[in-house]
Amino acid sequence: MRLNPRSLRFQLIAWYAGLLIAICLIFGAYAYSWLHHYLRATTSDTLVRRIEIIEATLLSGINQTGEPYVIRELQARYAPAINDRFIRVTRPDGSVMYVSGLPGDGSFDPVHIPLPDLAATSRFEREVSVKGGGSLVIVTDAYRVGGQSYLLEVGASLKEREEVMGAFSTVLGVGLPVVILIVVAGGYFLIGQALRPVKKIVDAAQTISLYHLDQRLPVVRTGDEIESLSVGLNEMIARLEDTFRHASRFSSDASHEMRTPLTIVRGELEAIMRNPQLDPGVREAVGSVLEEAERLAKLVEGLFAISRLESGEATMEISRFDLSNLVLTTADQIRLLAEDREIRLTSEAPLPVEIAGDRARLKQVVVNLLDNAIKYTPQGGAVHLSVRAEASQAVFRVTDNGKGIAPAALPFLFDRFYRADDARTRGIEGTGLGLSIVRSICLAHGGSIEVVNEPEGGCSFIVRLPLPADGMRGGWIERRRHEA
Amino acid sequence: MRILVVEDEEKLRRFVAKGLQAEHFAVDGAPNGQTALEFLASASYDLVLLDIMLPGEIGGTEVLRRIRKRDKEVPILMLTARDGLGEKVASFEAGADDYLTKPFAFAELIVRVKALLRRGPVTRSNLITVGDLEIDRVAHQVRRGEAVIKLTSKEYALLEYLAVNAGRVLSRTMIIEHVWDQSFEGLTNIVDVYVRQLRLKIDEGRERKLIHTVRSVGYSLGEEAG
């Protein structure tokens, strides 16, 4: 699986893991220092207690029992050699009365442990490092008996504490990363699980286009934000569908409402024209109005054709046919228009190019583009047509050698009612919808149209239509075909 | 010949009726489906002109269906909105004989009505004569007087269409639909160009012109302007 650092999943995991690591580090550091102090304090307490016992039971009576007894007792009762302890008693004159022997584990040599400050009068604690890397913690106390001050030292190796701390560090150092890894992996999986309904919604949403507004997203019954998300999206799609249905019903109603008065205007005017005694001036005026009514009718026609195509309301009659053949026969039917203006019309469609589409509408594309080219090419010019299959597309090209299109006009050429410039439109009657209709038809077929200026002058209109890769046709066309 | 015009728009119904009466048809008008069915029950008609969008419970398609239930023969010409292809298909399936899209030229209405009325016993003559113009529909040969006139296939189709409807004004839209097809509808000037070409061959240099232009309406073929 590819990791995308901006994905919700990655971000959640990153935050989650970061937080977890921070908490573990703080906790580990705290536990480590607490344990460290606890172990040290415990050792100190034990040593202090031992000092107090030795002082109370042995040193207090040293003047009565004598030094040999004390030494014997210390050796026998505290067995420093076996317990790995360090005990040393220093006489008031600074000579050592007693020092414990080598401990069982040989971790330190009691003879080489330096003497503390003999002037000390109160109890204190120190840490002495010994050869071999370990260290001893030693509590020293000055004990006064019969006016004499004996210095009693009791120590213990810190080896045990270091062992515990080492083990603890190992647990922290190895255990925590493992735990974090497990938790992150688990979290990654869980977030994936949690996001699965979202992915389902996204997958479904991708198949819904303007032409499939009757479809709905799957509602995941999770009872949380994800369910509200799918429900909310579905409500939005429903509103969209409603708006679209309204718009297209409006367009069809409006179409009918506008046609009827136009029919009446036209009919009444024609009735007037049929009167042979009509005054020539009136006849001229009525004729002019009739022409405008005709133009208005064409405008209404064109606008509704576009709106139906764009709203997906138009019924497409899809069949398979040879685009080359369509272009060649259409060119023949229109040839006289070109000859009338002394324009050379040539075509190049050597191979059949089979496409799936609405033949009548695509023929209109050919007719409109040809008509447009002939209109805008100066007398004596040339118009060239070509059809070929390129990759997965059928490409139909109309090239003229006129003066091309002003670069500023290129982006708007297919807009409704857009006229390129005055020179181009002079003397040409039309609705300004021809190219818009052409584009709507191309788009409705899942194709495209573009216009480019040719470097050697003139311009090319290029229509691209998807070739029918069997079983992989545009969803809309497929659906319309099933309906037809 | 009696024609029933079913159309809810009163003005439209009236001028269609007036125009048909001028062509010597007897015309009844019905504003809705209910009235239309009553008319049809009480009289017999040679043709029904039926708007597909009718107000009320009985729409155009329903009227069509009920007429066909009783009468399989009477020709029915539907008035439809352009691009409602589904509508057209449905009305043909329900038994309409032809359709006309609004807004239509009256001339076109007359041509279609007459075509429907003479359907059946049509005299499909192989030789059409208009003045001294002769069109042989089998050999696709055209003569004017003694001279044989050579025409391209489109020119011939145009001339034949004008000749079959000689004396009638044909609109550019009708000519385009008949000689070309609907894709060319925006290009009314293509008709003008072809008619000009045809005139050069048929009328040029002759005293009596056969092709006539009717301003704002279309063209007609005949010894007198249509």
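Computed from a predicted structure; not experimentally measured. (Residues numbered from 1 in each chain as written. Chains lettered and ligands numbered in written order. Predicted model: local features only at pLDDT ≥ 70, side-chain atom pairs only at ≥ 80, totals over all residues. Heavy atoms only, no water.)

Student: In this structure, what is going on with the sheet that holds strand β12 (residues 218–221) of chain B? I would like to understand it.
Tutor: To summarise the sheet geometry, strands pair through backbone hydrogen bonds and adopt either a parallel or an antiparallel arrangement. Residues and elements named next belong to chain B. One open sheet accounts for 3 strands, arranged β10-β12-β11; its pairing is antiparallel. For this open sheet the edge positions go to β10 (170–171) and β11 (211–214), each flanked by a neighbour on one side alone. Across 2 bridges, the pairing between β10 and β12 is antiparallel. Each residue of the ladder has a partner; that of Ser171, found in β12, is Gly218. (Pairing = 2+ DSSP bridges. Helix = DSSP H or I, 4+ residues; strand = E, 2+ residues; numbered from the N terminus.)

Student: Where do I start with the nonpolar core in this structure?
Tutor: Nonpolar side chains in soluble globular proteins tend to be buried together. If you look at the biggest cluster of nonpolar residues, it comprises 83 residues, and the most contacted ones within it are Ile334, Leu369, Phe396 and Phe461 of chain A together with Ile175 and Ile190 of chain B. If sequence neighbours within four positions are ignored, Ile175 of chain B has contacts with Leu158, Tyr161, Leu162, Leu170, Trp180, Val191 and Tyr219 of chain B. Within the second largest apolar cluster, 22 residues are counted, among which are Phe15, Val27, Val113 and Leu117 of chain B. (Core = buried A, V, L, I, M, F, W, Y, C linked by side-chain atoms within 4.5 Å. Buried < 20%, exposed > 50% of the residue type's maximum accessible area, 1.4 Å probe, protein only. Contact = heavy atoms within 4.5 Å.)

Student: What should I look at first to understand the packing of aromatic side chains in this one?
Tutor: Taken as a whole and judged by the stated rule, the model has 6 aromatic pairs over all chains. Measuring from ring centre to ring centre gives 6.4 Å for Phe86 of chain A and Phe108 of chain A, while their planes differ by 80 degrees; the resulting arrangement is edge-to-face. A residue pair is termed long-range when its members are at least 10 positions apart, and Phe86 of chain A in strand β1 (residues 85–90) and Phe108 of chain A in the loop between β2 (96–99) and β3 (124–129) qualify at 22 residues. The interplanar angle of 70 degrees and the centroid separation of 4.9 Å between the aromatic rings of Trp180 of chain B and Tyr194 of chain B together place this pair among those described as edge-to-face. Pair noted here: Trp180 of chain B is in the loop between α7 (172–179) and α8 (188–202) and Tyr194 of chain B is in helix α8, with a separation of 14 residues, a long-range link. By relative accessible area, which is 4% here, Tyr194 of chain B ends up buried. The positively charged end of Arg9 of chain A is found above the aromatic ring belonging to Tyr188 of chain A, 3.8 Å away from the centroid. When the ring centre of Phe321 of chain A is taken as origin, the NZ or CZ atom of Arg359 of chain A, which lies over that ring, is 5.3 Å away. (Phe/Tyr/Trp six-rings, centres within 6.5 Å; stacked < 30°, edge-to-face > 60°. Lys NZ or Arg CZ within 6 Å of the ring centre and 35° of its normal.)

Student: What am I meant to see in the environment of Gly19 of chain B here?
Tutor: Residue placement: Gly19 of chain B occurs in helix α1 (residues 10–22). When its relative accessible area of 2% is taken as the criterion, Gly19 of chain B is described as buried. For the pair formed by Gly19 of chain B and Phe106 of chain B, sequence separation is 87 residues and the distance between their alpha carbons is 7.8 Å. The contacts of Gly19 of chain B, once residues within four sequence positions are left out, are Arg274 of chain A together with Phe106 and Ile110 of chain B.

Student: What is the right way to look at the interface of chain B and chain A in this model?
Tutor: Many analyses report the size of an interface as the accessible area lost when the parts associate. Across the contact, 38 residues belong to chain B and 40 residues belong to chain A. Of the roughly 3,500 Å² buried between chain B and chain A, counting both surfaces, carbon and sulfur atoms make up 58%. Run the count over chain B and chain A and you get 1 salt bridge. The closest approach of N and O atoms between Asp340 of chain A and Arg196 of chain B, which form a salt bridge, is 2.6 Å. If you look at where chain B meets chain A, you find 6 residue pairs in polar contact (both at pLDDT 80 or more). For the side of chain B that touches chain A, the elements supplying multiple residues, two or more each, are α1, α4 (85–93), α5 (106–118) and α8 of chain B. Top element by residues in the side of chain B that touches chain A is α8 of chain B. It accounts for 7 residues. (Buried area = accessible area lost by both parts, 1.4 Å probe. Salt bridge = Lys/Arg side-chain N within 4 Å of Asp/Glu carboxyl O. Polar contact = N/O pair within 3.5 Å; in protein donor to acceptor, adjacent residues only side chain to side chain.)

Student: Would you take a moment to explain the pairing of β2 of chain A for this structure?
Tutor: All names here are of chain A. Looking at chain direction, β1 and β2 are connected through 3 bridges and run antiparallel. Considered in β2, the bridge of Val89 is made with Tyr98. Counted between consecutive antiparallel strands, the loop separating β1 from β2 contains 5 residues, among which Gly94 sits at a positive phi close to 95 degrees.

Student: Looking at this structure, how should I read the confidence of the model for chain B?
Tutor: Caution applies to low-pLDDT parts of the model: their predicted coordinates are not meant to be read in detail. Of all residues in chain B, 92% have pLDDT values of 70 or greater, and the mean over the chain is 84. Among the prediction metrics, the complex's ipTM stands at 0.70, with pTM recorded as 0.59. (pLDDT = per-residue confidence, 0-100.)

Student: Is there a simple way to think about the environment of Leu190 of chain A in this case?
Tutor: On the secondary structure map, Leu190 of chain A appears in helix α5 (residues 159–207). A sequence separation of 181 residues divides Leu190 of chain A from Arg9 of chain A, and the C-alpha atoms of the two residues are 9.8 Å apart.

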